[in-house]
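Survey of secondary and tertiary structure
The lines below spell out each chain.
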Amino acid sequence: MTGRDPWQDARDRMVDTQIASRGVTDILVLAAMRKVPRHLFIPGPARESAYSDYPLPIGHGQTISQPYIVGVMTSLLALREEDRVLEIGAGSGYQAAILGTIAREVVSIERIPAVAELARENLARAGLRNVRVIVGDGTNGYADGAPYDAIIVTAATPAVPAPLVIQLAEGGRLVAPVGSRDLQELVRLTRRGDQVTRETFGGVVFVPLIGEHGWEA
Ligand code: SAH
């Protein structure tokens, strides 16, 4: 018999008080957030705050998103178990772990090599085997793995990078924080044939997406 994770109570409390109570109802998302050991994705003393209601520093000037935002963005993707998913901005790897717990396969692109290495280590420690972290400019997507049923951008972009829309499968959903460097709103694009519909959700604040179809460094 394996011991019970001492962080499980904190994690259940996080889901109950920060995620479910604020309107996230997707049972796959709630189950994944109860399961994935978020504290393993946070370095140093900030780990103590792993289940708190705010973003945290992960080094290299980057942050792991507030749990609620992870819950909202993941549920906007409306994932199914058979889905193949692309993430732009691996960061700590936590969002990728949530995606990989729900969906079949995840590719996550990270611009900073040292951060990508961190994400890989965290994902391995958390036992995720269906997530691949690739170093590169994610604003170009990752054509080798396209098309994707879902694409999530976890850095702020002035507009949805065009290559990502092209790499979206029929019926595919894309979620991204779109706006200025200081404030963005969540945008969801859905592809149906040649039509791409656009919906907007609440305001958010992310670190910038830096690259060919994002911001300049
Ligand atoms: N999803 C992460 C948080 C993302 S923070 C998590 O769960 O922890 C945003 C990340 O996007 C940073 O690590 C940053 O280096 C990365 N990033 C910024 N521009 C990028 C680009 N063009 N391609 C890939 N990654 C990028």
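Heads up: these notes are all about the structure in this document. The structure presented is a predicted model; accordingly, all values stated were derived computationally and were not measured. (Residues numbered from 1 in each chain as written. Predicted model: local features only at pLDDT ≥ 70, side-chain atom pairs only at ≥ 80, totals over all residues. Heavy atoms only, no water.)

**A look at the overall build of the protein**
Definition in use: In DSSP terms, a helix is any run of H or I states spanning at least four residues, a strand is any run of E spanning at least two, and both are numbered starting from the N terminus. Radius of gyration means the value over C-alpha atoms here, while the globule rule gives 2.2 Å times the residue count to the 0.38 power. Each residue gets one of three labels from its accessible area relative to the maximum for its type: buried under 20%, exposed over 50%, partly exposed in between, using a 1.4 Å probe on protein chains only.
A tally of regular secondary structure across the protein gives six helices and nine strands. Relative to its length of 217 residues, the protein is compact, with a C-alpha radius of gyration of 16 Å against a globular reference of 17 Å. The principal-axis extents of the C-alpha atoms in the protein amount to approximately 50 × 35 × 30 Å. For the protein, with 217 residues in total, the buried portion stands at 53%.

**Some points on the pairing of strand β6 (residues 148–153)**
Applicable threshold: We call two strands paired when DSSP finds no fewer than two bridges between them.
The element β6 is extensively covered by neighbouring structure, given that six of its six residues are classed as buried. Looking at chain direction, strand β3 (residues 84–88) and β6 are connected through four bridges and run parallel. By the bridge assignment for β6, glutamate 87 is matched with isoleucine 152. Note: β6 against strand β7 (residues 168–179), four bridges, orientation parallel. Bridging from a neighbouring strand, tyrosine 148 pairs with leucine 168 of β7.

**Here's the deal with the packing of aromatic side chains**
Two aromatic rings, taken as a pair, are described by how far apart their centres are and by the angle between their planes. Note the threshold: Centres within 6.5 Å are what make two rings of Phe, Tyr or Trp a pair, Trp counting through its six-membered ring; a difference in plane orientation under 30 degrees is then read as stacked, over 60 as edge-to-face, and the rest as tilted. In our convention, an over-ring charge means Lys NZ or Arg CZ found within 6 Å of a ring centre and within 35 degrees of that ring's normal.
Within the structure shown, the criterion is met by two aromatic pairs. Pairing phenylalanine 41 with tyrosine 94 gives two aromatic rings, centres 5.7 Å apart and planes at 70 degrees, and the pair type is edge-to-face. With phenylalanine 41 in the loop between α2 (27–35) and β1 (56–59) and tyrosine 94 in helix α4 (residues 94–102), the pair connects residues that are 53 residues apart, well separated along the chain. On the basis of relative accessible area, phenylalanine 41 is assigned to the buried category, the value being 1%. One cation-aromatic arrangement involves arginine 22 over tyrosine 68; the distance from NZ or CZ to the ring centre is 5.2 Å.

**Some remarks on the site of the ligand**
Convention followed: The near set for a molecule or strand comprises every residue that places at least one heavy atom within 4 Å of it. Polar contact is the term for a pair of N or O atoms within 3.5 Å; when the atoms are in protein, one must be able to donate a hydrogen and the other to accept it, and sequence-neighboring residues count only if both atoms are side-chain atoms. Here, Shrake-Rupley sampling with a 1.4 Å probe gives the accessible areas, and only protein chains in the shown set may cover a residue. The residue classification treats Ala, Val, Leu, Ile, Met, Phe, Trp, Tyr, Cys and Pro as nonpolar and Asp, Glu, Lys and Arg as charged. All others, Gly included, are polar.
Around the ligand there are 26 residues in total, and Ser92, Glu110, Asp137, Gly138 and Ile210 lie nearest to it. Interatomic distance of 3.0 Å between a side-chain N/O atom of glutamate 87 and a nitrogen atom of the ligand. Within the contact set of the ligand, a nitrogen atom lies 2.8 Å away from a backbone nitrogen or oxygen of glycine 138. Burial of the ligand by the surrounding chains reaches 99%, relative to a free accessible area of 580 Å². Going through the elements one at a time, β2 (62–64), β3, α4 and β4 (105–110) are the ones with two or more residues in the shell around the ligand. For the shell around the ligand, the element with the most residues is β2, which contributes three residues. Its residues placed into classes, the shell around the ligand shows twelve nonpolar, ten polar and four charged.

**Here's the deal with α2**
Keep this limit in mind: Relevant arc is that of directions from the helix axis to the C-beta atoms, nothing else. What makes two residues a contact is simply this: any of their non-hydrogen atoms within 4.5 Å.
Those residues of α2 that sit buried are Val29, Leu30, Ala32 and Met33. Buried residues along α2 cover an arc of 165 degrees about the axis, so they all sit on one side. More than 90 degrees from the buried face of α2, the exposed residues found are Ile27 and Lys35. Against α1 (8–19), α3 (67–76) and α4 lie the buried residues of α2.

**Overview of the packing of α1 against α2**
How two helices sit against one another is set out by the angle between their axes and by the gap between those axes. Our working definition: To obtain each axis, a line is fitted to C-alpha atoms, and for helices this fit is confined to the stretch in contact; angles are then taken between N-to-C directions over 0 to 180 degrees. By convention, the crossing between two helices is left-handed when the near helix turns anticlockwise from the far helix through less than a right angle, and right-handed when the turn is clockwise.
Contact geometry of α1 with α2 gives a least axis separation of 8 Å together with a crossing angle of 145 degrees. The crossing of α1 and α2 is right-handed. On α2, the residues that touch Gln8, Arg11, Asp12, Met14, Val15, Asp16 and Ile19 of α1 are Leu30, Met33, Arg34 and Lys35.

All we've got here are geometric facts, nothing functional implied.
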